[in-house]
Each structure stands twice: as C-alpha cells, then as structure tokens.
Amino acid sequence: MARDAEVAEWPDRKDRRRVDPRESYVWLRLHGQWTEGIIHKWIQRPDGVWLAWLKHRNLEGYAYPVWGLFVYSPETIRPRSDGPRPDD
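Structure report, in brief. Since the structure is predicted, the reported quantities are computational estimates derived from the model, not experimental observations.

**Thoughts on unusual backbone geometry**
Okay, step 1: If you check the backbone angles, His31 has positive phi at about 55 degrees while not being a glycine.
Okay, step 2: Within the element layout of this structure, His31 appears in the loop between strand S2 (25-30) and strand S3 (33-44).

This is the structure:
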C-alpha cells in the first residue's frame, strides 16, 4: 500500500527558491486515497528538498478545494499525464 504525501513546513522566505511548474496537474496520495491536485509553485529548500504548493480536492466532504504544502516524492505526487488515477 502506498504511503501518504508528507505535509511540509514553510521554509524561511530568504532560504527558498520558487519555480513555476511545467506540468501542473497531478495525482496526490492523501488520507489513504489518490486525489486530483494542481501545483501552483515548486519550492526548493536550502537542503535541496523540493516542496509542492498545490490545491487539491477536499477529501472531508466539503465543496471547496484545499491548499497544502507537501514534500515531493514520486510515490505520493505523480503527473496526471502518466495515466489514470493510480490504483495502489
């Protein structure tokens, strides 16, 4: 079973690099399921770790989307262009 995306802390403003995404639409693994997300910015911490600032579908039943900052991992954040919703 796949693990969930790791929620990240915001790095200090002076210590981060921001990059616009080339491909915005992703699958995000959260709360034990895959959901659609849209990356707004990639943020790189000083230690080289990439974070994804993205909007995703609210999985708690509310109609509005939710924003979150997640540590990038190809296990938990995947491009939607790779295919349909993952089944793992």
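**What to know about the nonpolar core**
Okay, step 1: Ala5, Val26, Leu28, Leu30, Ile39, Trp42, Ala52, Leu54, Phe70 and Ile77 together form the largest nonpolar core, which totals 10 residues.
Okay, step 2: Going through the elements one at a time, S2, S3 and strand S4 (50-56) are the ones with two or more residues in this core.
Okay, step 3: Per element, the largest residue contribution to this core is three residues, and it comes from S2.
Okay, step 4: Aside from chain neighbours lying at most four places away, what touches Ile77 is Val26, Trp27, Leu28, Ala52, Phe70, Val71 and Tyr72.

**As for the packing of aromatic side chains**
Okay, step 1: The full count for this structure, using the stated rule, is three aromatic pairs.
Okay, step 2: Both rings, one in Trp42 and one in Tyr72, keep their centres 5.4 Å apart while their planes meet at 85 degrees; by these two values the pair is edge-to-face. On the criterion of sequence distance, the pair formed by Trp42 in strand S3 and Tyr72 in the loop between strand S5 (66-71) and strand S6 (77-79) is long-range, its members being 30 residues apart.
Okay, step 3: Looking at Trp42, the relative accessible area reads 18%, which means it is buried.

**Comments concerning the side chain of Lys41**
Okay, step 1: The residue Lys41 is located in strand S3 in this model.
Okay, step 2: In this structure the side chain of Lys41 is engaged in a polar contact, spanning 2.2 Å, whose partner is the side chain of Asp20.
Okay, step 3: Excluding residues that lie within four positions of it along the chain, Lys41 makes contacts with Arg18, Val19, Asp20, Pro21, Leu51, Ala52 and Trp53.

**Digging into the pattern of salt bridges**
Okay, step 1: Here the structure, examined in full by the defined rule, presents five salt bridges.
Okay, step 2: Between Arg29 and Asp4 there is a salt bridge; the shortest N-O distance is 3.8 Å. You can see Arg29 sitting in strand S2 and its partner Asp4 sitting in the segment before strand S1 (17-19), a full 25 residues away along the chain.
Okay, step 3: Arg29 gets classed as buried once you look at its relative accessible area, which sits at 3%.
Okay, step 4: Accessibility expressed as a relative area gives 32% for Asp4, which makes it partly exposed.
Okay, step 5: Two residues, Arg80 and Glu36, come together in a salt bridge whose shortest N-O distance is 3.9 Å. You can see Arg80 sitting in the segment after S6 and its partner Glu36 sitting in strand S3, a full 44 residues away along the chain.
Okay, step 6: Taking the relative accessible area as the measure of exposure, Glu36 reaches 37% and is therefore partly exposed.

Procedures and definitions
Along each chain, numbering runs from 1 in the same order as the chain's sequence is written. Predicted model: local features are reported for residues with pLDDT of at least 70 only, side-chain atom pairs are reported and counted for 80 or more only, and whole-chain, interface and lining totals are derived from all residues. Heavy atoms throughout the structure, all of them, feed into the side-chain values; hydrogens and water do not. Runs of E in the DSSP output that reach at least two residues are strands. Runs of H or I that reach at least four are helices, and both are numbered from the N terminus. In this text, buried Ala, Val, Leu, Ile, Met, Phe, Trp, Tyr and Cys residues form a nonpolar core when linked through side-chain atoms within 4.5 Å. For the exposure calls, accessible area comes from a 1.4 Å probe over protein chains only, and a residue counts as buried if that area is under 20% of its type's maximum, exposed if over 50%, partly exposed in between. Only heavy atoms enter the contact rule, under which two residues are in contact if any of them lie within 4.5 Å. Classification of ring pairs rests on two measures: the distance between centres of Phe, Tyr or Trp rings, Trp counted by its six-membered ring, which must be within 6.5 Å, and the angle between planes, read as stacked under 30 degrees, edge-to-face over 60 and tilted in between. Under the rule applied, a polar contact is a pair of N or O atoms within 3.5 Å (in protein, one hydrogen donor and one hydrogen acceptor; residues adjacent in sequence only if both atoms are side-chain atoms). Salt bridge, as used here, is a side-chain nitrogen of Lys or Arg placed within 4 Å of a carboxyl oxygen of Asp or Glu.

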